[in-house]
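Here is what each chain is made of, one letter per residue.
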Amino acid sequence: MIVDQVWTANAYRNFNYLIACPETGEALAIDPLDHKMCLKRAKDKGWRITQIVNTHEHEDHTGGNKAMIAATGAKLLAHANAKDRIAGIDRGLDAGDVVKVGRTVELEALDTPGHTMSHVCLLSHTDTPALFCGDTLFNAGAGNCHHGGHPAELYETFAGQLAKLPDATMIYPGHDYIANNLKFTLDREPDNTRATELLDGVADQDPAKALVSNLALEKEVNAFFRLHNPTVIARLREAFPDLPDTPDAKTVFLKLRELRNSW
Ligand SMILES: [Zn+2]
Ligand SMILES: [Zn+2]
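Because the structure is predicted, anything quoted here is derived from the model rather than measured.

Criteria and thresholds
Residues numbered from 1 in each chain as written. Chains lettered and ligands numbered in written order. Predicted model: local features only at pLDDT ≥ 70, side-chain atom pairs only at ≥ 80, totals over all residues. Heavy atoms only, no water. Helix = DSSP H or I, 4+ residues; strand = E, 2+ residues; numbered from the N terminus. Rg over C-alpha atoms; globule rule 2.2 N^0.38 Å. Buried < 20%, exposed > 50% of the residue type's maximum accessible area, 1.4 Å probe, protein only. Contact = heavy atoms within 4.5 Å. Areas by Shrake-Rupley, 256 points an atom, 1.4 Å probe, with all protein chains shown as cover. Lys, Arg positive; Asp, Glu negative; His and termini not counted. Charge placed at Lys NZ, Arg CZ, Asp CG, Glu CD. Polar contact = N/O pair within 3.5 Å; in protein donor to acceptor, adjacent residues only side chain to side chain. Donors = N, O, S within 2.8 Å, 3.2 Å for Na, K, Ca; no water. Pairing = 2+ DSSP bridges. Axes fitted to C-alpha atoms, helices over the stretch in contact; angles between N-to-C directions.

A. Geometry of the overall build of the protein chain. From N to C terminus, the protein chain includes nine helices and 13 strands. Taking 263 residues into account, the globule formula puts the C-alpha radius of gyration at 18 Å, and the protein chain, at 18 Å, falls close to it. Per-residue burial over the protein chain gives 52% buried out of 263 residues. Here the analysis covers contacts within the protein chain between residues at least 6 apart in sequence; of these, 59% occur between residues at least 24 apart. As displayed, the protein chain has an accessible area near 11,500 Å², and 49% of this comes from carbon and sulfur atoms. Within the protein chain, one finds 27 positive and 36 negative side-chain charges whose respective centroids are separated by 5 Å.

This is the structure we're talking about:
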């Protein structure tokens, strides 16, 4: 499996992705908003884009579909429940469905509601797994729930699915928000030395050569995975004095999500 992370350099800081089979040159495009850039990258590498996956229905993820399909004839895949929100879906995806690319690549669809209620992530069946997580999980952060999502569902997705993936799982999000998200982590947990070091490392990074984190690193620097951390809980109590002494993980997650909305 070859992964090409395409930095669009747009105002929304979107990452698009091309995933190619090294044997056949067939490729799948994830959320190819910048269809021109994706098409050029595929052409330069000799790949043929045969499928598009939209992680969810937001325009900054679906906006390139029409032009990409016109240029390639690619089939469009998205969450089965997105059929009324995304035009022209050829294949609706349910949890556990496998998307094949060429002869060598298999990607498993995860049903990951929260940012929206018809959001899929793709998990590669490779020695080192890779997760293409759209706007569900960001480097050091979590998707918002302002446009069709629900925080409680996002928590269930994090705790019930994402946190249980292997620590080595590579994380490929839909946007580059890492520096800002690390600042939020440090606002919540000022003594997180790993987050401090990482922020130093990525503050000036070129997103075209972005650091790719894995789940182990996320568990160290992403507040939304650090729901039992004493500093996180103590700081949260400053904002929410009614918080119980030992709040459950869901309560901590929801309060963090609430704070992040206005941070
Ligand atoms: Zn979105
Ligand atoms: Zn987005």
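What follows picks up the thread again.
B. A look at the environment of Asp97. Assignment of secondary structure puts Asp97 in the loop between strand S6 (91–93) and strand S7 (98–101). In the structure, Asp97 is positioned 13 residues away from Leu110 in sequence and 8.0 Å away in space, judged by C-alpha atoms. Asp97 has contacts with Arg91, Gly92, Leu107, Glu108 and Ala109, leaving out every residue within four places of it along the chain. Separated by 2.9 Å, the side chain of Asp97 and the backbone nitrogen of Asp94 make a polar contact.

C. Region of the structure containing the coordination of the zinc ion (ligand 2). Note on the zinc ion (ligand 2): its protein donors are Asp60 (OD), His61 (NE2), Asp135 (OD) and His175 (NE2). The metal-donor distances range over 2.0 to 2.4 Å. Each donor residue of the zinc ion (ligand 2) lies on one chain, and together they are spaced D-H-x73-D-x39-H. The metal-metal distance between the zinc ion (ligand 2) and the zinc ion (ligand 1) comes to 3.4 Å, with Asp135 coordinating both. Neither residue differs from the other here; Asp60 and His61 are each classed as buried.

D. Expanded view of the sheet that holds S7. Read from one edge to the other, the open sheet built from five strands follows the order S7-S8-S9-S10-S13, with strand pairing classed as mixed. Pairing within the sheet leaves two strands with one partner each, and these edge strands are S7 and strand S13 (170–173). Each strand of the sheet is rotated relative to its neighbour by a mean of 25°, with strand direction disregarded. The pairing of strand S10 (residues 130–134) with S13 spans four bridges and is parallel. Within S13, the residue paired with Phe132 across the bridge is Tyr172.

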